[in-house]
Amino acid sequence: MLKFDFKTYVDSFISKEELRKYSEEKENYIKKLSNCEMTGWTNPIDKELIADIKSTANYIKKNFNCLVVIGIGGSFLGSYAFEKMFQSYFNDKNFEIIYAGTTLSSKYLDELVNYLKNKNYCINVISKSGTTLETTITYKILKDVLKRKYSEEEQTKRIIITTDKTNGALREEATNMNYKSFEIPNDIGGRYSFITPAHLLPLAINYDIDRIIDGYYDGKKLIDIAYEYASIRNILYRKGKLIENFCVYEENMTYFTEWLKQLFGETEGKNGLGIYPTSTVHTRDLHSLGQFIQDGTKIIFETFIKVTNSDNFIDYNGTNLNIINNLVEDSVMRAHFSGNVPCLEIEMDELSLENVGTLIYFFQLTAAFSGLLFGINPFNQPGVEIYKKEVRLSLNK
Ligand code: PA5
């Protein structure tokens, strides 16, 4: 279950009248969103597709002992964030999944190739466009290793492609080589692709995706709250709060904040507009960025993501440490608020597959509304395309 407090440490920054103006426009924005083309992520997922994802995950677990996922940005962050959140810190017994494709570091790739030498692994390459440089290079390097080791027939068993339904080099390769493949639907862009095989296949290896999917669609009920959150963010932005800091209290949620940064950064940052998303992991970063947030330039507001209950009981002088962690966070909110920083709070009763699934839908909805409130297209990323084009030009020189 999720709880939202957008009042206690926010109300004094926003008048009722300001918020009322936004809420009067709510139905218009809901309509605008439903008229957008790239909203396939709000549609139900096909039952046969879920069955195919699960049986492919079982095939991977039965035949190999490692899966290498190759993808970047919206083609990796969702499942990676999830994986990190639910892994054990020290005693991880999950099936081994390596996420590659996010770097052009030769040190990393050289070490990865060496590491995989004695592994019985398969590859899931994920790219909607099928042209992203980091993904293409990593895939080529790892495929060459497979080629040196295995017959063509064996290679075919070890490559799974997730890409656009009809377009791009990867779709062509999947068809020509008869590789197992999955589709990222035409009406779903990278950062909104959580509810597609791009993320559900890697997740189905170690987790019950039915629970994640159920949670995800529960997020639909939060449409009013998502619109309210987007409105408050927009009002705060117009009052000079140009940066949103996402705060988490668990190290294992670090990559969830990376997913949030991508979602909001690519959705809003256009036409010279948008709230710059950043993050802090507490209490670590209270001893670094905490100083700036409390006392520096007054351009920040914060969204705290709190988990109230923990499965792990650690006794500290008769009190569960999780309670102390939460008390510290409440104090942090009060302190930052006193430093002229509006603080919004989202509370999960536990870190469960369902709750995180719901949060993902909720944040996607908020980001989409937010883009529309800024008057920009929430579903493209022209800025990213400019960098990709420049790289292609310089490599072709
Ligand atoms: O959200 C987006 O569309 C981007 O971040 C992409 O996911 C990222 O650039 C990777 O693109 P692709 O899946 O085409 O390789």
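Residues numbered from 1 in each chain as written. Predicted model: local features only at pLDDT ≥ 70, side-chain atom pairs only at ≥ 80, totals over all residues. Heavy atoms only, no water.

Got a minute to help me understand the overall build of the chain in this structure?
Regarding its fold elements, the chain presents 16 helices and 12 strands. With the C-alpha coordinates aligned to their principal axes, the bounding extent of the chain is approximately 65 × 55 × 45 Å. Across the 397 residues in the chain, those meeting the buried criterion constitute 51%. Residue pairs at least 24 apart in sequence account for 80% of intrachain contacts in the chain once pairs closer than 6 positions are excluded. (Helix = DSSP H or I, 4+ residues; strand = E, 2+ residues; numbered from the N terminus. Buried < 20%, exposed > 50% of the residue type's maximum accessible area, 1.4 Å probe, protein only. Contact = heavy atoms within 4.5 Å.)

Which parts of the structure should I look at to understand the packing of helix H4 (residues 77-86) against helix H15 (residues 353-373)?
How two helices pack is summed up by the angle between their axes together with the distance between the axes. At a minimum axis distance of 12 Å, the contact between H4 and H15 shows a crossing angle of 150 degrees. Taken together, H4 and H15 sit at an angle that is classed as roughly antiparallel. Here the hand of the crossing between H4 and H15 comes out right-handed. Residues Phe 82, Met 85 and Phe 86 of H4 form the contact with H15, whose participating residues are Leu 353, Val 356, Gly 357 and Ile 360. Grouping the amino acids of the contact of H4 with H15 by side-chain chemistry returns six nonpolar, one polar and no charged. (Axes fitted to C-alpha atoms, helices over the stretch in contact; angles between N-to-C directions. Parallel < 35°, antiparallel > 145°, perpendicular 65-115°, else oblique. Left-handed = near helix turned anticlockwise from the far one by under 90°. Nonpolar A, V, L, I, M, F, W, Y, C, P; charged D, E, K, R; others polar.)

Could you clarify how one ought to interpret the nonpolar core in this entry?
One broad rule of soluble globular proteins: the nonpolar side chains tend to lie buried together. Counting residues in hydrophobic clusters, the biggest one holds 89 residues, and the most contacted among them are Trp 41, Phe 256 and Phe 363. With 13 residues, the top contributor of residues to this core is H15. Two domains each donate at least three residues to this core, and these are domain 1 (2-35 + 214-380) and domain 2 (40-207). Not counting the four nearest positions on each side in its chain, Trp 41 is found in contact with Ile 188, Tyr 192, Ile 195, Tyr 216, Tyr 361, Gln 364, Leu 365, Ala 368 and Phe 379. Among the nonpolar cores identified, the runner-up in size contains 22 residues, and Ile 70, Leu 109, Val 113 and Tyr 150 belong to it. (Core = buried A, V, L, I, M, F, W, Y, C linked by side-chain atoms within 4.5 Å. Domains from an automatic or database assignment.)

Explanation requested: the side chain of Glu 347 in the structure shown.
With respect to the helices and strands, Glu 347 occurs in strand E12 (residues 343-348). Exposure remark for Glu 347: the relative accessible area of 16% places this residue in the buried category. The contacts of Glu 347, once residues within four sequence positions are left out, are Met 1, Leu 2, Lys 3, Lys 306 and Thr 308.

It is not clear to me how the sheet that holds strand E4 (residues 121-127) should be interpreted in this structure. Could you clarify?
For sheets, the rule is that strands pair by backbone hydrogen bonds, running either parallel or antiparallel. Overall, parallel pairing links the five strands, which are arranged E3-E2-E4-E5-E6 in an open sheet. Two strands bound the open sheet, and with one partner strand each, they are strand E3 (96-100) and strand E6 (180-184). With strand direction ignored, the average angle separating the axes of adjacent strands in the sheet is 20 degrees. As defined by bridge partners, strand E5 (residues 159-164) adjoins E6 across five bridges and the pair is classed as parallel. Residue pairing for E6: Asp 164 is matched across the bridge by Ile 184. Taken strand by strand, helix H8 (residues 169-177) contacts E4, E5 and E6, and its axis lies near 135 degrees from that of E5. (Pairing = 2+ DSSP bridges.)

Teacher, can you tell me more about a nonpolar patch on the surface here?
Residues Leu 104, Ile 137 and Ile 141 make up a contiguous nonpolar surface patch of about 210 Å² in total accessible area. With respect to the secondary-structure elements, Ile 141 resides in helix H6 (residues 133-149). (Patch = residues over 30% accessible without salt bridge, like charges linked within 9 Å, V, L, I, M, F, W, Y side chains within 5 Å. Areas by Shrake-Rupley, 256 points an atom, 1.4 Å probe, with all protein chains shown as cover. Salt bridge = Lys/Arg side-chain N within 4 Å of Asp/Glu carboxyl O.)

What should I look at first to understand the site of the ligand in this one?
By nearness alone, 14 residues border the ligand, and Ser 75, Ser 127, Ser 129, Thr 132 and Gln 262 come closest of all. Ser 75 places a polar side-chain atom, nitrogen or oxygen, 2.6 Å from an oxygen atom of the ligand. With respect to the ligand, the side chain of Gln 262 contributes an N or O atom lying 2.6 Å from an oxygen atom. When the free accessible area of the ligand is taken as 390 Å², the share hidden by the protein chains comes to 93%. (Near = heavy atom within 4 Å. Polar contact = N/O pair within 3.5 Å; in protein donor to acceptor, adjacent residues only side chain to side chain.)

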